[in-house]
Amino acid sequence: MSEIPAKATESEDPSDGARAETASVLACDAGHTLADGEGEVPAGDALWQSSPPGSIYDYIRVASFSIGPDGLVDQWSLRAEQIFGIRADRAVGMDPIDAFVDPDRRERGQRKMAEILDGREWTGVVPFRMPASPDAGDGARGEQGLAEVYVMPTRTQEGEKAAVCIVVDVRTLRSIETDLAASQAIFGQSPFGFLLIDPELRVRRANERFASIFGGTPDDHRGKGVHDYLPRPEAERVSAVLRRVLETGDSITDMHVTGFVPGSEERRHWSVNLYRVHSGSGRPIGIAWLGTDITARRAAAREAAAARRNLALLNEAGARIGNSLDLETTARELLDVVVPGFCDLATVDLYQGLLAGDETPPGLADGSAELRRVAFSSAVSDGPLAGSGTDVAVGAVHHFPFNSPHADALRTARPASIPGEEGGLVQSTLAIPMVAHDTVVGLAQFSRTKGSEPFGDRDRDLAVELAARAAVCIDNARLYRREHERALMLQRSLLPPGDPVASGLDIACRYLPGSVASGRPSEVGGDWFDVIELPGHRTALVVGDVMGRGLRAAVAMGELRTAVRTLALLDLEPAEVLSALDEIARGLGTPGGVQQATRAARRPREADLSEVYLATCVYAVYDSVTRRCTFANAGHLPPVLVEPGEPALMLDVPPGMPLGVGGEPFEEVEVELPEGALLALYTDGLVESRDHPLDEGLQAFVGALTDPTSPLEDVCDHVLNTLDTHHGEDDIALLMARVQGLPADSVGDWTLPREPRSVGRAREYARGQLLSWDLEPLVDTTELLVSELVTNALRYGEGEIRLRLLLDRTLVCEVWDSGLVQPRRRRARDTDEGGRGLQLVGLLSAAWGSRRTPRGKTVWFELPLPDGGSGLADPAEALLSLF
């Protein structure tokens, strides 16, 4: 290459400078390796010496081939096979321009080849493409590359012009540049001490972080050994480890090294990682040392070891204290934790007023109020020790003297250390007030006997923490007891009183709160049921379950139950009732109610899950005349129907989304119920528990309904006794109804043409039907009111008119027409000739109203039967009262 004149060399690669620097560095490293491996050699001899492993040619990919007078490859080196991936037997005879140059550059390449064969030297960077594999199809193209090519003219034995080409893979040079940049970044920017140690265990290179700890510049540490930094015994140990890493290649992780830094007498600790470094050919050339100062971490570890016992005790307290919502049990759990691991004797005293259910414990002013000893534990005796402050029996009510340290601790809410009595067994006692939510609920005493380690500041802090945890659990138990009692009272007050009565149905129901079902404390849930009488001797059956437990769920249940009854009185369809309930449920957690929730839904915001009310509900409307029942379901369990002589089955009612989710409509399903059929609505507490999955519970419930002819009360008891209803995990609501349709002779139904004569005909039909029912006292009133309703239907309604009389516990009269406009009652002025018909209906009937129907509307009124105990209004007096 020395034959190539400098002026004949040209380069198209802008990274020539970097490559030159890279080559210089690598040549320097190669020189060092050469000197280390071979000793001093004359300059003239070095040009012919073979390079040892680890020389520059292990990093730079260099190849050569020769071109004959015909411009074709006539020699192909092994290095060329490695770079281009083409064997010599295939490469010899190839045109290098056609084989490696893209078609759009071949013309220029042919010109350069002609110049080279004419005797000119050439150097440049050439993009090339590998020839496609012989197995590849037509049109296949090989991998692209970039090579720096040195071309030197030669002559053959015959004197013909030829050329020798030397090729360097540019991509390899750029990779070396990147590796050098990464190496510089590691050494210059690493926050850890970094060393490169040569095979002689001398520092070859150090980074700035290492130099900042041990002083000087990185170059000042070149050539030093571990004995220059560490005490002799530690240095010998580290040297042995370095030799083992160099010999075996096994890495060392987190090796702890101890020593000193210049100018300081403080012992320092480092965590060191070691691994062997190799050259490009795989020859070991040294060891990499990565060190981290862990002095502060070791000090923290010693501190943590000293506190490990206390932390273990706190962990045990967290796991064992508060597992029960009983005050006395929680106090005993505290003593089980501290004796004997923390102290030898311990007692817990709680305010008597707290145990009696008072809102605020008394005696906070002087600390001498009555307390009850609820727990005692001792590791040295089975009973209280006289003179130790523990000589009060468990369950006894007592108080501390005003000037005693115990009363002072209760009064100030600060712990007190009480020395033991002379000649007694107790060495010292910690009197710790039990404080929860800034309220003192009692006093815990921890005593150690003589011969034990005395209490220290750390022990006192631990005792305060343990007492505080127990106090919070005790206060939670007190609050839970109060909330549970109030929620249970509220929940029972919101359920239907007594046994519900409905037209055409025999009703039986059961409700079991979780605490009653299990016999142990439990939060009340939001389960409810209801039976609502609707106009036309129809009945609405409702069963629902608010998700969640406690007072919040009970209040939400009361609001939803009230809303259901209100919506039911509007005589809406079941799907419409659930849609309205869904809107109400979404507004329960919003301060502004439904309208505010609707506005808030229009703007994006993070939902507060604690204020989201969700509930499931099934709503059914039963018509005793047609014995048809319409169901709508909002995420609730399906109703169960038992027909006479048939096995029980779950009705296929589409389960919509729970109330409070919104966005989805509810579907209705209408089912005709045979006479004597049994219908059951229930909540999930009846069929699901931790021990019994829902599917198993549903199958067991269906299997328990085997005899629909038995009295309903007996059927309810049989179901509750058969199923697992004592798990206490959730409330249980069960509503059962047996179908008893209205007899055909209790229904009068007529269709009237749309003409004035229909008014008189309606009065005749009503009179005749009432006389057949032996209801002569109701004839006059019924005729008058029927006349008013039919007249209104003729004047303001549409289509044909239908008159229907229903007799059950009351008399119901209905007038149907196709008009959609609902009648509106108004107060007529003295000078008005009309407008008093609906006022008259309201005066003479027990109740009246209107409802929409699929084909129009129905206006109805209801009259009590003569033997019902309520007297009838006199029609004449009612007419006079209108004027």
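Structure first, text after, so check above.
Residues numbered from 1 in each chain as written. Predicted model: local features only at pLDDT ≥ 70, side-chain atom pairs only at ≥ 80, totals over all residues. Heavy atoms only, no water.

1. Here we look at the overall build of the protein
For step 1, the next point in the chain: When you go through the protein residue by residue, the secondary structure sums to 25 helices and 31 strands.
For step 2, the next point in the chain: Within the protein, the proportion of its 883 residues that are buried is 46%.
For step 3, the next point in the chain: Excluding contacts between residues fewer than 6 apart, the proportion of contacts in the protein whose partners are at least 24 apart in sequence is 61%.
For step 4, the next point in the chain: When the accessible surface of the protein is totalled, it reaches about 44400 Å², and 51% of it is carbon and sulfur. (Helix = DSSP H or I, 4+ residues; strand = E, 2+ residues; numbered from the N terminus. Buried < 20%, exposed > 50% of the residue type's maximum accessible area, 1.4 Å probe, protein only. Contact = heavy atoms within 4.5 Å. Areas by Shrake-Rupley, 256 points an atom, 1.4 Å probe, with all protein chains shown as cover.)

2. Looking at the sheet that holds strand 11 (residues 345-351)
For step 1, the next point in the chain: Spatial strand order, 13-12-11-16-15-14: 6 strands in an open sheet with antiparallel pairing. Edge strands, defined here as strands with exactly one partner in the open sheet, are strand 13 (397-398) and strand 14 (416-419).
For step 2, the next point in the chain: Across 6 bridges, strand 11 lies against strand 16 (residues 439-449) in antiparallel orientation. Within the sheet, the bridge partner assigned to Val348 lies in strand 16 and is Ala444.
For step 3, the next point in the chain: The sheet contacts of helix 12 (residues 327-338) involve strand 11, strand 12 (371-378), strand 15 (426-436) and strand 16, and relative to strand 12 the element is tilted by about 30°.
For step 4, the next point in the chain: Relative to the sheet, helix 14 (residues 405-412) contacts strand 11, strand 12, strand 14, strand 15 and strand 16, its axis offset from that of strand 16 by approximately 140°. (Pairing = 2+ DSSP bridges. Axes fitted to C-alpha atoms, helices over the stretch in contact; angles between N-to-C directions.)

3. A short note on unusual backbone geometry
For step 1, the next point in the chain: The omega torsion of the bond from Val339 to Pro340 falls at 5°, within 30 degrees of zero and hence cis.
For step 2, the next point in the chain: Looking at the element boundaries, Pro340 is found in the loop between helix 12 and strand 11.
For step 3, the next point in the chain: One non-glycine residue, His437, lies in the positive phi region at around 55°.
For step 4, the next point in the chain: Relative to the elements of secondary structure, His437 occurs in the loop between strand 15 and strand 16.
For step 5, the next point in the chain: Given the relative accessible area of 53%, His437 is considered exposed.

4. Concerning a negative patch on the surface
For step 1, the next point in the chain: Where like charges cluster on the molecular surface, the negative patch consists of Asp70, Asp74, Glu158 and Glu160.
For step 2, the next point in the chain: The topology assignment puts Asp70 in the loop between strand 1 (62-67) and strand 2 (73-76).
For step 3, the next point in the chain: Judged by relative accessible area, which is 55%, Asp70 ranks as exposed. (Patch = residues over 30% accessible without salt bridge, like charges linked within 9 Å, V, L, I, M, F, W, Y side chains within 5 Å. Salt bridge = Lys/Arg side-chain N within 4 Å of Asp/Glu carboxyl O. Lys, Arg positive; Asp, Glu negative; His and termini not counted. Charge placed at Lys NZ, Arg CZ, Asp CG, Glu CD.)

5. Overview of helix 18 (residues 574-588)
For step 1, the next point in the chain: Over its 15 residues, helix 18 extends 21 Å from the first C-alpha to the last, a length consistent with the 21 Å expected when each residue adds 1.5 Å.
For step 2, the next point in the chain: Along helix 18, the residues classified as buried are Pro574, Ala575, Val577, Leu578, Leu581, Asp582, Ala585, Gly587 and Leu588. (Expected span 1.5 Å × (residues − 1).)

6. Notes on helix 11 (residues 308-320)
For step 1, the next point in the chain: With 13 residues, helix 11 should reach 18 Å at 1.5 Å per residue; the first-to-last C-alpha distance of 18 Å fits that figure.
For step 2, the next point in the chain: Every buried residue belonging to helix 11 is among Asn310, Leu313, Leu314 and Ala317, and all of these are buried. Along the axis of helix 11, the buried positions cluster into a sector of 100°, meaning they face one direction only. The outward face of helix 11, more than 90 degrees from its buried face, is lined by the exposed residues Arg308, Asn315 and Ala319.
For step 3, the next point in the chain: Of the residues trailing helix 11, Gly322 is marked for its positive phi of about 95°. (Arc of directions from axis to C-beta.)

7. What to know about the nonpolar core
For step 1, the next point in the chain: Judged by nonpolar contacts, the single largest core of 56 residues is most densely connected at Trp528, Leu541, Leu581, Tyr619 and Leu735.
For step 2, the next point in the chain: Looking at this core element by element, the count peaks at 8 residues for helix 17 (residues 551-569).
For step 3, the next point in the chain: Those residues in contact with Leu541 that lie beyond four places of it in its chain are Leu505, Ile507, Asp530, Val531, Val618, Tyr619, Ala620, Leu679, Leu681, Leu735 and Ala737.
For step 4, the next point in the chain: Residues Ala369, Ile418, Ile432 and Ala444 belong to the second largest nonpolar core, which totals 49 residues. (Core = buried A, V, L, I, M, F, W, Y, C linked by side-chain atoms within 4.5 Å.)

8. Concerning the environment of Phe100
For step 1, the next point in the chain: Mapped onto the elements of the fold, Phe100 is located in helix 5 (residues 96-100).
For step 2, the next point in the chain: The exposure class of Phe100 is buried, given its relative accessible area of 8%.
For step 3, the next point in the chain: Each C-alpha atom of the pair Phe100 and Gln144 lies 9.1 Å from the other, and the pair is 44 residues apart in sequence.

9. Section: the sheet that holds strand 6 (residues 193-197)
For step 1, the next point in the chain: The sheet built from 5 strands is open, its strands ordered 7-6-10-9-8 with antiparallel pairing. This sheet does not close on itself; its edge strands, each paired only once, are strand 7 (203-206) and strand 8 (252-259). Pairs of neighbouring strands in the sheet enclose a mean axial angle of 30°, with direction left out of account.
For step 2, the next point in the chain: When strand 6 meets strand 7, the two strands line up antiparallel, connected through 3 bridges. Within strand 7, the position partnered with Leu195 by the bridge is Ala206.
For step 3, the next point in the chain: The strands touched by helix 9 (residues 232-248) within the sheet are strand 6, strand 8, strand 9 (268-278) and strand 10 (284-293), with strand 8 carrying the most contacts at an inclination of about 160°.

10. Brief notes about the pattern of salt bridges
For step 1, the next point in the chain: All chains considered together, the criterion is met by 38 salt bridges.
For step 2, the next point in the chain: The salt bridge involving Arg320 is made with Glu316; its shortest N-O contact spans 2.7 Å. Residue Arg320 and its partner Glu316 are located together in helix 11, separated by 4 residues, close to a single helical turn.
For step 3, the next point in the chain: Judged by relative accessible area, which is 33%, Arg320 ranks as partly exposed.
For step 4, the next point in the chain: The exposure class of Glu316 is partly exposed, given its relative accessible area of 30%.
For step 5, the next point in the chain: Among the ionic pairs, Glu814 bridges to Arg851, the shortest N-O distance being 3.3 Å. Separated by 37 residues along the polypeptide, Glu814 in strand 29 (residues 810-817) and Arg851 in strand 30 (residues 847-853) bring together distant segments of the chain.
For step 6, the next point in the chain: When salt bridges with common partners are traced through the structure, they connect Arg538, Asp571, Arg804, Glu814 and Arg851 into a single cluster.

11. Observations concerning the pairing of strand 2
For step 1, the next point in the chain: Across 3 bridges, the pairing between strand 1 and strand 2 is antiparallel. Paired with Ser66 across the bridge in strand 2 is Gln75.
For step 2, the next point in the chain: From the end of strand 1 to the start of strand 2, which pair antiparallel, there are 5 residues, and Gly71 there has a positive phi angle of about 80°.

12. Some details on the pairing of strand 27 (residues 747-752)
For step 1, the next point in the chain: Alternating positions in strand 27 separate cleanly, Gly748, Trp750 and Leu752 being buried on one face and Val747, Asp749 and Thr751 remaining unburied on the opposite face.
For step 2, the next point in the chain: Across 6 bridges, the pairing between strand 27 and strand 28 (residues 801-807) is antiparallel. Counterpart to Trp750 in the pairing with strand 28 is Leu803.

13. Brief notes about the side chain of Asp530
For step 1, the next point in the chain: Examined against the element boundaries, Asp530 turns out to sit in strand 18 (residues 525-534).
For step 2, the next point in the chain: Judged by relative accessible area, which is 1%, Asp530 ranks as buried.
For step 3, the next point in the chain: Separated by 3.2 Å, the side chains of Asp530 and Arg561 make a polar contact.
For step 4, the next point in the chain: Among all residues touching Asp530, those that are not within four sequence positions of it are Pro496, Ala540, Leu541, Val542, Arg561, Arg565 and Leu735. (Polar contact = N/O pair within 3.5 Å; in protein donor to acceptor, adjacent residues only side chain to side chain.)

14. A short note on the environment of Val841
For step 1, the next point in the chain: The topology assignment puts Val841 in helix 24 (residues 837-844).
For step 2, the next point in the chain: Counting along the chain gives 59 residues from Val841 to Thr782, while the straight-line C-alpha distance between them is 9.8 Å.
For step 3, the next point in the chain: Once residues lying within four places of it in the same chain are set aside, the contact partners of Val841 are Leu785, Glu788, Leu789, Trp848 and Phe861.

15. What about the environment of Glu783?
For step 1, the next point in the chain: Take Glu783: it is sitting in helix 23 (residues 779-796).
For step 2, the next point in the chain: On a C-alpha basis, the gap between Glu783 and Tyr765 in space is 9.1 Å, while along the polypeptide they are 18 residues apart.
For step 3, the next point in the chain: For Glu783, the contacting residues outside a window of four places in its chain are Arg763 and Arg767.

16. Re the packing of helix 22 (residues 757-772) against helix 23
For step 1, the next point in the chain: Between helix 22 and helix 23, the shortest axis-to-axis distance is 9 Å and the interhelical angle comes to 150°. At the point where helix 22 passes helix 23, the crossing takes the right-handed sense. Residues Ser758, Val759, Ala762, Arg763, Ala766, Arg767, Leu770 and Leu771 of helix 22 pack against Val779, Asp780, Thr782, Glu783, Val786, Ser787, Val790, Thr791 and Leu794 of helix 23.
For step 2, the next point in the chain: Residues of the contact of helix 22 with helix 23, tallied by class, amount to 9 nonpolar, 4 polar and 4 charged. (Left-handed = near helix turned anticlockwise from the far one by under 90°. Nonpolar A, V, L, I, M, F, W, Y, C, P; charged D, E, K, R; others polar.)

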